[in-house]
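Single-letter residue listing:
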Amino acid sequence: MKPILVIGSLNMDFVVQTDKLPLPGETIKGRDFSTIPGGKGANQAVAAARLGGRVRMAGRVGQDGFGRNLTEGLASAGVDAGQVLPTAGVATGVALILVEREGQNQITIAAGANDRLEASDLEPSFQDFKQGIVLLQLESPLPTVEAAARLARRQEATTILDPAPAAALSKTLLRNLDYLTPNETEALLLLGEPPGEIRLDEAPDLGRRLLELGPDTVILKLGDKGAWVVNRRLSRHFPTYPVKPVDATAAGDTFNGALAAGLAAGGSLPQAIDFANAAAALSVTQPGAQSSIPTRTQVDRFLGEHRG
Ligand code: RIB
């Protein structure tokens, strides 16, 4: 079993359920409010650990109650949080999330301590980490993400970048990646295309164009249309599993954590993608970020039921 290192964000999510998402300038009445552990990095770490991975995480939180709560949450999911550093003079990251009835959401983050994560923080996490799997996202400063990908390559690790929230990326970063896993918005932004939906018949060409930017493999995450995977040997659709959506928050994070856990356990890429599709589909059936991430047993049972 290969070790997994997640470098990224921890946020406390402030979540309000609504009947619809507000238009600019509009005030609407929401329903239930809850605070739920989140942050793309922490969500991916929890997913990889619940799904069987041996996981450590590097990140930063404030010296406050949310920071303690998030760090304890990681530990209780089985993640080694020894490199999640409490940081003086700054608040723990938060995310404001609106979730409407069909499960779609809108998210705004205030990065707080996540913005203090520096390249020099990462060295200890890479000790004894040869040939592991590194999970990255874009809620940390870009120079830190670039340094992480460089360090990972030096350690012969496999790097998986979730380019979320969407941002333009340097050629050097893209060339240091084994896997790039954009959703529709992120893929179109990276290609300089206007935002919109991606039809399945457009996916092979868009995937190939993303591959030309530098990563070894592109996994286009297409929500309920599944995933399209492109590399030098393969251009293939992996349909997902039909579920009744409640909340899509952290579905992409669950996918990436599950992908890492599947690869770390020695599964082939097609096996790991199918496992990740199932885990992400299950997460959509539950509310919240880390509260929605299934365990290995739940995913195995779900796959058993769907394979009949
Ligand atoms: O991907 C979902 C996550 O995005 C939420 O948990 C929120 O914290 C934001 O980081």
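So, here is what we can say about the structure in this document. All of these numbers come straight from a predicted model, not from anything done at the bench. (Residues numbered from 1 in each chain as written. Predicted model: local features only at pLDDT ≥ 70, side-chain atom pairs only at ≥ 80, totals over all residues. Heavy atoms only, no water.)

**Details of the overall build of the protein chain**
The secondary structure content of the protein chain amounts to 9 helices and 13 strands. Expected size for 308 residues packed as a compact globule is a radius of gyration near 19 Å; at 18 Å, the protein chain falls within 12% of this value. Structurally, the protein chain occupies a C-alpha span of about 50 × 45 × 40 Å along its principal axes. Here the protein chain holds 308 residues, and 52% of them are scored as buried. The long-range fraction of contacts in the protein chain, counting pairs at least 24 apart against all pairs at least 6 apart in sequence, stands at 68%. Of the roughly 13,300 Å² that the protein chain leaves accessible, carbon and sulfur atoms contribute 51%. (Helix = DSSP H or I, 4+ residues; strand = E, 2+ residues; numbered from the N terminus. Rg over C-alpha atoms; globule rule 2.2 N^0.38 Å. Buried < 20%, exposed > 50% of the residue type's maximum accessible area, 1.4 Å probe, protein only. Contact = heavy atoms within 4.5 Å. Areas by Shrake-Rupley, 256 points an atom, 1.4 Å probe, with all protein chains shown as cover.)

**Structural notes on the layout of surface pockets**
Considered as a void within the structure, the largest pocket measures approximately 1,400 Å³ in volume. As for the largest pocket, its lining consists of 50 residues, and the residues nearest its centre are N183, G223, A248, A251 and G252. Where the lining of the largest pocket is concerned, the elements lending two or more residues are β2 (11–18), α1 (40–50), β6 (93–100), β7 (105–110), α5 (184–190), α7 (251–264) and α8 (269–284). A total of 5 residues in the lining of the largest pocket trace back to one element, the largest contributor, which is β7. (1 Å grid on protein atoms, 1.4 Å probe; cavity = no way out; pocket = protein on both sides within 12 Å on 5 of 7 lines; lining within 4 Å. Points joined across faces, edges and corners; volume = space filled by probe spheres on them.)

**Looking at unusual backbone geometry**
Cis geometry marks the peptide bond from A164 to P165, where omega comes out at -5°. Its place among the elements puts P165 in the loop between β9 (158–161) and α4 (171–175). For E156, which is not a glycine, the phi torsion comes out positive at approximately 55°. Residue placement: E156 occurs in the loop between α3 (142–154) and β9. The phi dihedral of A250 is positive, around 75°, even though this residue is not glycine. Looking at the element boundaries, A250 is found in the loop between β13 (235–238) and α7.

**Thoughts on the sheet that holds strand β8 (residues 133–136)**
With mixed pairing, the 9 strands of this open sheet are ordered in space as β5-β4-β1-β8-β9-β10-β11-β12-β13. A strand with exactly one partner marks an edge of an open sheet, and here the two such strands are β5 (80–87) and β13. Where strand β10 (residues 179–180) lies against strand β11 (residues 217–221), 2 bridges are found, and the strand directions are parallel. The residue of β11 that forms the bridge with Y179 is T217. (Pairing = 2+ DSSP bridges.)

**Some words on α7**
Relative to the 20 Å expected for 14 residues at 1.5 Å per residue, α7 spans 20 Å between its end C-alpha atoms, a close match to the ideal helical length. The buried count for α7 comes to 13 of 14 residues, which makes it a mostly enclosed element. (Expected span 1.5 Å × (residues − 1).)

**Some points on the site of the ligand**
In the vicinity of the ligand, 13 residues are found, and the nearest of them are D13, G39, K40, E139 and D253. Between N11 and the ligand, the recorded distance is 3.0 Å, taken from a side-chain N or O atom to an oxygen atom. N43 has a polar side-chain atom sitting 3.0 Å from an oxygen atom of the ligand. The fraction of the free accessible surface of the ligand (280 Å²) that becomes covered by protein chains is 96%. Under a 2 Å grid-point criterion requiring more than half of the atoms, the pocket assigned to the ligand is the largest pocket. Among the elements of the structure, β2, α1 and β7 are those that each provide at least two residues to the shell around the ligand. (Near = heavy atom within 4 Å. Polar contact = N/O pair within 3.5 Å; in protein donor to acceptor, adjacent residues only side chain to side chain. Sits in = over half its atoms within 2 Å of the grid points.)

**Let's talk about the pattern of salt bridges**
A side chain of one charge can pair with a side chain of the opposite charge if their charged atoms are brought near each other. Tallied over the full model, the rule gives 16 salt bridges. One salt bridge in this structure joins E26 and K20, with 2.8 Å as the shortest N-O distance. Judged by its relative accessible area of 30%, E26 falls in the partly exposed class. Using a relative accessible area of 38% as the deciding quantity, one classes K20 as partly exposed. Residues joined by salt bridges that share partners form a network here, namely D19, R31 and R101. (Salt bridge = Lys/Arg side-chain N within 4 Å of Asp/Glu carboxyl O.)

**A short note on the side chain of E184**
Within the secondary structure, E184 is located in helix α5. At a separation of 3.1 Å, a polar atom in the side chain of E184 contacts the side chain of K225. E184 has contacts with G196, E197, I198, K221, L222 and K225, leaving out every residue within four places of it along the chain.

**Let's talk about the nonpolar core**
Grouped together as the largest cluster of nonpolar side chains are 50 residues, with contacts concentrated most on I4, M57, L74, L259 and I273. Take this core: its biggest share by element is 10 residues, from α8. In contact with I4, not counting residues within four places along its chain, are A48, G53, R54, V55, R56, F129, I133, L135, A260, A261 and A264. A157, A203, L211 and V218 belong to the second largest nonpolar core, which has 36 residues in total. (Core = buried A, V, L, I, M, F, W, Y, C linked by side-chain atoms within 4.5 Å.)

**Some details on the environment of L189**
Tracing the sequence through the fold places L189 in helix α5. Each C-alpha atom, one on L189 and one on A166, is 6.9 Å from the other, the two residues being 23 residues apart in sequence. The contact partners of L189, leaving out residues within four places of it in the chain, are A166, A167 and A168.

**Things to note about the pairing of β13**
By the bridge criterion, 4 bridges tie strand β12 (residues 227–230) to β13 in an arrangement that is antiparallel. The residue of β13 that forms the bridge with V229 is R236. Counted between consecutive antiparallel strands, the loop separating β12 from β13 contains 4 residues.

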